[in-house]
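Examining the three-dimensional arrangement
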There are 2 protein chains.
Amino acid sequence: MSRGILAVVSGFSGAGKGTVMKALLEQHPGYALSISATTRKPREGEADGREYFFKTREEFEELIRTDALIEYAQYVENYYGTPRDYVERQLENGRDVILEIEMQGAMKVKEKLPSALLVFITPPSAAELKRRLVGRGTESIHVIESRLSRASEEAVYMEQYDYIVVNDRLEDCVQTVHNIIQSEKHRRERSPEVIAQMKQDLKQFQKGE
Amino acid sequence: MSRGILAVVSGFSGAGKGTVMKALLEQHPGYALSISATTRKPREGEADGREYFFKTREEFEELIRTDALIEYAQYVENYYGTPRDYVERQLENGRDVILEIEMQGAMKVKEKLPSALLVFITPPSAAELKRRLVGRGTESIHVIESRLSRASEEAVYMEQYDYIVVNDRLEDCVQTVHNIIQSEKHRRERSPEVIAQMKQDLKQFQKGE
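The text that follows walks through the structure, step by step, so that each part is easy to find. Predicted model, so just to flag it, every value in this text is computed and none were measured.

This brings us to the packing of aromatic side chains. Considering all chains together, one arrives at 18 aromatic pairs over all chains under this definition. Their ring planes at 55° and their centres at 5.7 Å tell us that B:Tyr75 and B:Tyr80 sit as a pair that is tilted. Judged by relative accessible area, which is 39%, B:Tyr75 ranks as partly exposed. Stacked on the ring of A:Tyr72, the Lys or Arg A:Lys108 has its end atom at 5.9 Å from the ring centre.

Turning our attention to the side chain of A:Glu154. Residues and elements named next belong to chain A. One can find Glu154 in helix α6 (residues 141–154). On the accessibility criterion, Glu154 (9% relative accessible area) is buried. Beyond its immediate stretch of four places on either side in the chain, Glu154 contacts Phe12 and Met103.

Our next topic: the interface of chain B and chain A. Contact with chain B, which involves 42 residues of that partner, is made by 42 residues of chain A. Here chain B and chain A share an interface that buries about 3,700 Å² over both sides, 64% of which is from carbon and sulfur atoms. Among the residues chain B hides against chain A, the three largest losses belong to B:His186, B:Met198 and B:Phe205. Together they make up 17% of the total. Counting the contacts that link chain B with chain A gives four salt bridges. The residue A:Glu159 makes a salt bridge to B:Lys199 at a minimum N-O spacing of 2.7 Å. Summed over the shared surface of chain B and chain A, the number is 18 residue pairs in polar contact (both at pLDDT 80 or more).

Residues and elements named next belong to chain A. Positive phi is not limited to glycine here, since Asp67 has a value of about 55°. Counting through the fold element by element, Asp67 comes out in the loop between α2 (57–65) and β5 (69–75). On the basis of relative accessibility, which here comes to 40%, the residue Asp67 falls in the partly exposed class.

For the rest of this paragraph, the subject is the pattern of salt bridges. A complete count under the given rule lists 42 salt bridges over all chains for this structure. A:Arg131 is the partner of A:Glu128 in a salt bridge, and the nearest nitrogen-oxygen pair spans 3.0 Å. Within this pair, A:Glu128 and its partner A:Arg131 are both found in helix α5 (residues 126–135), separated by three residues, close to a single helical turn. Relative accessible area serves as the criterion here: at 18%, A:Glu128 is assigned to the buried category. Salt-bridge contacts for B:Glu139 lead to B:Arg147; the nearest nitrogen and oxygen are separated by 3.7 Å. Among the charged side chains, a network of salt bridges with common partners joins A:Glu184, A:Arg190, B:Arg187 and B:Glu189.

With that settled, consider the sheet that holds strand β3 (residues 36–38) of chain B. The pairing of strands in a sheet comes from backbone hydrogen bonds and takes either a parallel or an antiparallel form. Residues and elements named next belong to chain B. Spatial ordering of the open sheet is given by β4-β3-β6-β5, a layout of four strands whose pairing is mixed. Two strands lie at the open edges of the sheet, namely β4 (52–54) and β5 (69–75), each paired on one side alone. Across the sheet, the axes of successive neighbouring strands diverge by a mean angle of 25°, strand direction being ignored. Where β3 lies against β4, three bridges are found, and the strand directions are parallel. By the bridge assignment for β4, Ser36 is matched with Tyr52. Packed on one face of the sheet, helix α3 (residues 84–92) meets β4, β5 and β6 (78–83) and runs near 25° to β6.

Each value, and the rule that gives it
Residues numbered from 1 in each chain as written. Chains lettered and ligands numbered in written order. Predicted model: local features only at pLDDT ≥ 70, side-chain atom pairs only at ≥ 80, totals over all residues. Heavy atoms only, no water. Phe/Tyr/Trp six-rings, centres within 6.5 Å; stacked < 30°, edge-to-face > 60°. Buried < 20%, exposed > 50% of the residue type's maximum accessible area, 1.4 Å probe, protein only. Lys NZ or Arg CZ within 6 Å of the ring centre and 35° of its normal. Helix = DSSP H or I, 4+ residues; strand = E, 2+ residues; numbered from the N terminus. Contact = heavy atoms within 4.5 Å. Buried area = accessible area lost by both parts, 1.4 Å probe. Salt bridge = Lys/Arg side-chain N within 4 Å of Asp/Glu carboxyl O. Polar contact = N/O pair within 3.5 Å; in protein donor to acceptor, adjacent residues only side chain to side chain. Pairing = 2+ DSSP bridges. Axes fitted to C-alpha atoms, helices over the stretch in contact; angles between N-to-C directions.

In structure tokens form, the structure reads like this:
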């Protein structure tokens, strides 16, 4: 069985990537969603190993020390990180893993796992990004402005991603992300066994043998 | 309108790429098939500008001299080549162009047009390649052996292609080639305008402005 692909998906807050990811996983249950470890307390209805791997601060720092996390970051007083072991096991079982993560984390993943596939989801325009953030109706103008300001800083990261997908129509975007991950399996760099096997097998037909 | 992609498709003789190309173009009429120029005489039913651009030897050598061919080769006493002008016009009109060509020609195309996408179609195994060649029932054992011997020499070229597609089931192979070409449009290297536009547009939201 061939190894799965780790697809790291990022985008500006408000790009709609949460909705894209949800639809992708519903339509293609073969994908495994990477589960983060965190030191924050479980909320009502959250289960260990489903929403998060819940850890104590000591446990989390032990994961850091033993290089058991592909990446981690601290927000406010809590740690969040991606356990390497879970991702590795899924990939070895031939499952493609989706890791939805912000951009600095994505850069760390690419550094540690160069075969990771980086996909950036962007709204069609900055005006549309603003419209979507305002349209949610759940955030204050202050929060919206701070998200747009952050997006303007984050845009530079787009150049580090392997693929840029414009999220115009949801269904198209989901299909495109799926096709990108599946097409990537056929890239020559990911097919060394196919090539080696074919070269080896064809030797029997060489002239003069 | 964004520029089309030039997809160069090659494979061992007997890999079934002719059948794959035919099905691909039937199912997706948006693709333009590159038309070769040749000095060989038109056969009954062949039309200039449809099967080939038919040229005199003098005309063809003028195309060579003026660098009007992306690649060319001589077989027996005739020239065959890919006119640059036709391909360029299709790409500029936003159409993706399929160029089915043998491997040395494909290498020349990649050299002249580095943005060309190289797709290699291979049967699942050498044994299957032999089965398909024998199964045609149209070729002598001598011809089959010479094709297999050629395939064993050609296998080294697989490493120069961007994508390797195993042609196991025809329908899967056609869909995969189509998805690869369409996914490739979203590669970051092919999306500089999307990134530049987004960075530019987001500047208005920078803090302190």
